[in-house]
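In case you want the letters, here they are:
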Amino acid sequence: MEKLPKLTIPVIVGIVLLIILVSKSSVTINSGHAGVLYETFGNGVVTDEPPLGEGFHIIAPWNKVFVYEIRQQELSEKMQVLSSNGLEIKLDASAWYQPIRKDVAKLHQEKGEDYLQRVIQPAIRSAARSVVGRYTPEQLYSTKRDAIQEEIFEETKKILDEQHIQLNQILVRDVTLPATIKDAIERKLKQEQESLEYEFRLVTADKEAQKVRIEAQGKADANAILSASLTDKVLQDKGIDATLELAKSPNAKVVIVGSGDSGLPLILGNN
């Protein structure tokens, strides 16, 4: 009975040491993450082997594991940049990014866990300043938002591809101009729209006038041709034909047609 406590204490100590050893020698990587192994008595960060994948892993108790999320993540940025004429523009944008899984150890070794502040944010801000500086406030407000979004993406991607980070998309949510500039642009756009509508009405009226002129000219040409073909002989024949038709009417009694040349009347009777 006296020996029992003496045996129990070492057992308890051994169990505690085993628990500590296991806790220091194991690591669990959650889904969507990867582990970077650091060998304390080796060469430091292990870059020549794939990162630790999801699940449970046993490591030497004197080593460390740094866990990185490798799923797509979002960074929201609100920036103040200058347009081509020096006016301050507020840009609200988002970046979709993720570390490149096979390069996550190099990312840890070269940039560290705060790579977001060290690499991504400066890259986006630099690209945004460069791109927005090429355009006027009017272009940014009306027609070029999709263009600057694509250009910021391309310039940022060139930087991040060399930093072991994959950029998936840049989204420009809002472009805010100074109130006075915005009002001036809206007035100008309204005036341009009204001018376009007025020009459209002028063009329509001109086409209608051309149509009327063409129709009138066609009628005039037809009358001219007809007048040129109506000689005295033709007129006399037309008159005789009309008189004969009239004489056939049951109401006609006597019709006298004067001859322009001979002066002799032509008398037609209807009994």
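Our structure is the block above this text.
Keep in mind it's a predicted model, so treat the numbers as computed, not measured. Counting of residues starts from 1 at the beginning of each chain's written sequence and follows it residue by residue. Residues qualify for local features only when their pLDDT is at least 70, as the model is predicted, and side-chain atom pairs are given and counted only at 80 or more; totals for whole chains, interfaces and linings, by contrast, use all residues. Side-chain numbers here rest on the full set of heavy atoms in the structure, without hydrogens or water.

Draft legend 1. View of the side chain of Asp 92. A run of H or I in DSSP counts as a helix once it spans at least four residues, and a run of E counts as a strand once it spans at least two, with each numbered from the N terminus. Relative to the assigned elements, Asp 92 resides in strand 7 (residues 88–99). The buried category is assigned to Asp 92, whose relative accessible area is 17%. Each polar contact in these results corresponds to two N or O atoms within 3.5 Å; when the atoms are within protein, one needs to be able to donate a hydrogen and the other to accept it, and residues that are neighboring in sequence are counted only if both atoms are side-chain atoms. At 2.7 Å, the side chain of Asp 92 and the side chain of Arg 173 are in polar contact. Excluding residues that lie within four positions of it along the chain, Asp 92 makes contacts with Glu 77, Lys 78, Leu 171, Val 172, Arg 173 and Asp 174. Burial classes follow relative accessibility: with a 1.4 Å probe on protein chains only, a residue under 20% of its type's maximum area counts as buried, one over 50% as exposed, and anything between as partly exposed. Contacts are assigned to residue pairs with any non-hydrogen atoms lying within 4.5 Å of each other.

Draft legend 2. View of helix 3 (residues 115–132). Helix length check: helix 3, at 18 residues, gives a terminal C-alpha distance of 25 Å against a target of 26 Å (1.5 Å per residue), a fit within 8%. Listed in full, the buried residues belonging to helix 3 are Tyr 115, Leu 116, Val 119, Ile 120, Gln 121, Ala 123, Ile 124, Ala 127, Ala 128, Val 131 and Val 132. Take the residue count of a helix, subtract one, and multiply by 1.5 Å to get its expected span.

Draft legend 3. Main features of the nonpolar core. The set of buried Ala, Val, Leu, Ile, Met, Phe, Trp, Tyr and Cys residues whose side-chain atoms join them within 4.5 Å is what this entry labels a nonpolar core. Formed by 38 residues in total, the largest nonpolar core has its most connected members in Leu 91, Tyr 97, Ile 120, Ile 165 and Val 175. Elements that contribute at least two residues to this core include exactly strand 2 (33–39), strand 6 (73–82), strand 7, helix 2 (104–110), helix 3, helix 5 (145–160) and strand 8 (165–176). Per-element tally for this core: the top contributor is helix 3, with 10 residues. Apart from residues no more than four positions distant in its own chain, Tyr 97 is found in contact with Arg 71, Gln 72, Gln 73, Glu 74, Leu 75, Tyr 115, Leu 116, Ile 120, Ile 165, Gln 166, Leu 167 and Asn 168. Of all hydrophobic cores here, the second largest spans 7 residues; its members include Ile 29, Leu 52, Ile 59 and Val 65.

Draft legend 4. Up close: the packing of aromatic side chains. Ring pairs are drawn from Phe, Tyr and Trp, using the six-membered ring of Trp, whenever the two centres fall within 6.5 Å, and their geometry is named by plane angle: stacked under 30 degrees, edge-to-face over 60, tilted for the rest. A complete count under the given rule lists 3 aromatic pairs for this structure. Geometrically, the ring pair formed by Phe 41 and Trp 62 is edge-to-face, given 6.1 Å between the ring centres and 65° between the ring planes. Residue Phe 41 is found in the loop between strand 2 and strand 3 (44–45), and its partner Trp 62 is found in the loop between strand 4 (55–58) and strand 5 (64–69); the two are separated by 21 residues along the sequence. Residue classification places Trp 62 among the partly exposed positions, given a relative accessible area of 48%. Pairwise contacts between aromatic rings join Tyr 68, Tyr 97 and Tyr 115 into one cluster.

Draft legend 5. Focus on the pairing of strand 7. Most of strand 7 sits inside the fold, with 9 of its 12 residues counted as buried. Note on pairing: two strands pair once DSSP finds at least 2 bridges between them. As consecutive antiparallel partners, strand 6 and strand 7 are separated by 5 residues, and within that stretch Gly 86 has a phi angle of approximately 85°, a positive value.

Draft legend 6. Spotlight on the sheet that holds strand 7. Judged by pairing direction, the sheet is antiparallel, and its 3 strands sit side by side in the order 6-7-8 without closing on themselves. Both edges of this open sheet fall to strand 6 and strand 8, since each of them pairs with a single strand only. Neighbour to neighbour, the strand axes of the sheet diverge by 25° on average, direction disregarded. One ladder, built from 10 bridges, connects strand 6 with strand 7; its direction is antiparallel. Bridging from a neighbouring strand, Gln 73 pairs with Tyr 97 of strand 7. Of the strands in this sheet, strand 6, strand 7 and strand 8 are in contact with helix 3, which crosses strand 6 at around 40°. Lines fitted to C-alpha atoms define the axes here, with helix axes fitted over just the stretch in contact, and angles between the N-to-C directions of these axes take values from 0 to 180 degrees. Lying on the sheet, helix 5 is in contact with strand 7 and strand 8; it crosses strand 8 at an angle near 150°.

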